[in-house]
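Examination of the molecular architecture
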Amino acid sequence: MGVIEELVRRCGLNTGMHASGVAEDALAEFERRYSVRMPQDFRDYFLLTNGGETNDESFVRFWPLEEVVPVEIELADYEPDRGLYPGAFVFADFAINAWLWAIQLGGDPGDVGRVFLLEVDGRRKPPIVQSFTEWVRCFLVNSHSLGPGGVPGDPGPPQSIKPGRRPWWRFW
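This structure is a prediction, so every number in the text was calculated from the model and none was measured.

Here's the deal with the pairing of strand β4 (residues 88-94)
Most of β4 is tucked away: seven of the seven residues are buried. Sheet topology note: the strand β2 (residues 60-62)/β4 ladder contains three bridges and is antiparallel. Residue Val60 lies in a different strand from β4, and its bridge partner there is Phe94. Across two bridges, the pairing between strand β3 (residues 69-70) and β4 is antiparallel. In the sheet register, Pro70 faces β4, and the bridge partner there is Phe89. Bridging between β4 and strand β5 (residues 99-104) involves six bridges; their strand directions are antiparallel. By the bridge assignment, Phe94 is partnered in β5 with Trp99. From the end of β4 to the start of β5, which pair antiparallel, there are four residues, and Ala95 there has a positive phi angle of about 50 degrees.

Some words on the packing of helix α1 (residues 3-11) against helix α5 (residues 132-142)
One way to put it is that α1 packs onto α5 with a least axis distance of 9 Å and a crossing angle of 40 degrees. It follows from the interaxial angle that α1 and α5 lie oblique. Considering how the two elements wind past one another, α1 and α5 form a crossing that is left-handed. Note on element contacts: α5 touches α1 through Phe132, Thr133, Val136, Arg137, Phe139 and Leu140, opposite Val3, Ile4, Glu6, Leu7, Arg10 and Cys11. Broken down by class, the residue content of the contact of α1 with α5 amounts to eight nonpolar, one polar and three charged.

Some details on helix α2 (residues 24-34)
If you check which residues of α2 are buried, you get Leu27, Phe30 and Glu31. All buried residues of α2 lie within an arc of 95 degrees about the axis, which places them on one face of the element. In α2, the exposed positions angled more than 90 degrees off the buried face are occupied by Asp25 and Arg32. Against the buried residues of α2 lie α3 (40-48) and β4. Directly beyond the C-terminal end of α2, a positive phi value near 55 degrees is found at Ser35.

Focus on unusual backbone geometry
Backbone phi values are negative for most residues with the exception of glycine, while trans is the configuration of most peptide bonds. In this chain, Glu79 is followed by Pro80 through a cis amide linkage whose omega measures -5 degrees. In this structure, Ser35 takes a positive phi of about 55 degrees despite not being glycine. Examined against the element boundaries, Ser35 turns out to sit in the loop between α2 and α3. Judged by its relative accessible area of 65%, Ser35 falls in the exposed class.

Focus: the packing of aromatic side chains
Under the counting rule described, the total for this entry stands at 20 aromatic pairs. When the centroid spacing of 5.0 Å and the interplanar angle of 75 degrees are considered together, the rings of Tyr34 and Phe89 count as edge-to-face. With Tyr34 in helix α2 and Phe89 in strand β4, this residue pair connects regions lying 55 residues apart in the sequence. Where Phe42 meets Phe46, the ring centres are 5.1 Å apart and the plane angle is 85 degrees; that geometry is what we call edge-to-face. With Phe42 and Phe46 both in helix α3 and four residues apart, the pair spans about one turn of that helix. Looking at Phe46, the relative accessible area reads 0%, which means it is buried. The structure contains a cluster of three or more aromatic residues connected by ring pairs, namely Phe42, Tyr45, Phe46, Phe62, Phe91, Phe94, Trp99, Trp101, Phe132, Trp135 and Phe139.

Conventions and cut-offs
- Residues numbered from 1 in each chain as written.
- Predicted model: local features only at pLDDT ≥ 70, side-chain atom pairs only at ≥ 80, totals over all residues.
- Heavy atoms only, no water.
- Buried < 20%, exposed > 50% of the residue type's maximum accessible area, 1.4 Å probe, protein only.
- Helix = DSSP H or I, 4+ residues; strand = E, 2+ residues; numbered from the N terminus.
- Pairing = 2+ DSSP bridges.
- Axes fitted to C-alpha atoms, helices over the stretch in contact; angles between N-to-C directions.
- Parallel < 35°, antiparallel > 145°, perpendicular 65-115°, else oblique.
- Left-handed = near helix turned anticlockwise from the far one by under 90°.
- Contact = heavy atoms within 4.5 Å.
- Nonpolar A, V, L, I, M, F, W, Y, C, P; charged D, E, K, R; others polar.
- Arc of directions from axis to C-beta.
- Phe/Tyr/Trp six-rings, centres within 6.5 Å; stacked < 30°, edge-to-face > 60°.

On their own, these measurements won't tell you what the molecule is for.
So, in structure tokens, the structure goes:
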């Protein structure tokens, strides 16, 4: 079983209203509408499932294709953040948009596929991982490692917290 199939199985993304995957023609229409080309791993994900809520305590929602939008649209009310990630599209959120993840689908072909954690603070951050597959692997190991203060792929607290950063789960 591949890592994307494992994500779908483990998170229960193959149940509920978005259980079936997206048709190829819907993916082609998305790419045409936004003049982008999805990396194969991201395309494979949508062929398996059309997002959904996770069935665990990660509080992550994977957006269905019809909700995946460019960062500048999702962050339209936030200057200058909305313009910091041209060609990047929001595909998932934590705790009802407490933070967002976006994947680079447009721009320099060498940059396509990188994933960003969007923190609305007026500064562009480097990608947290270089591909959707890498993001999924990190998510399956420890979804908290992909949030503010996390180090993608670390197995969990306390190792996954960068020095000087407070982990997101200690904000409440």
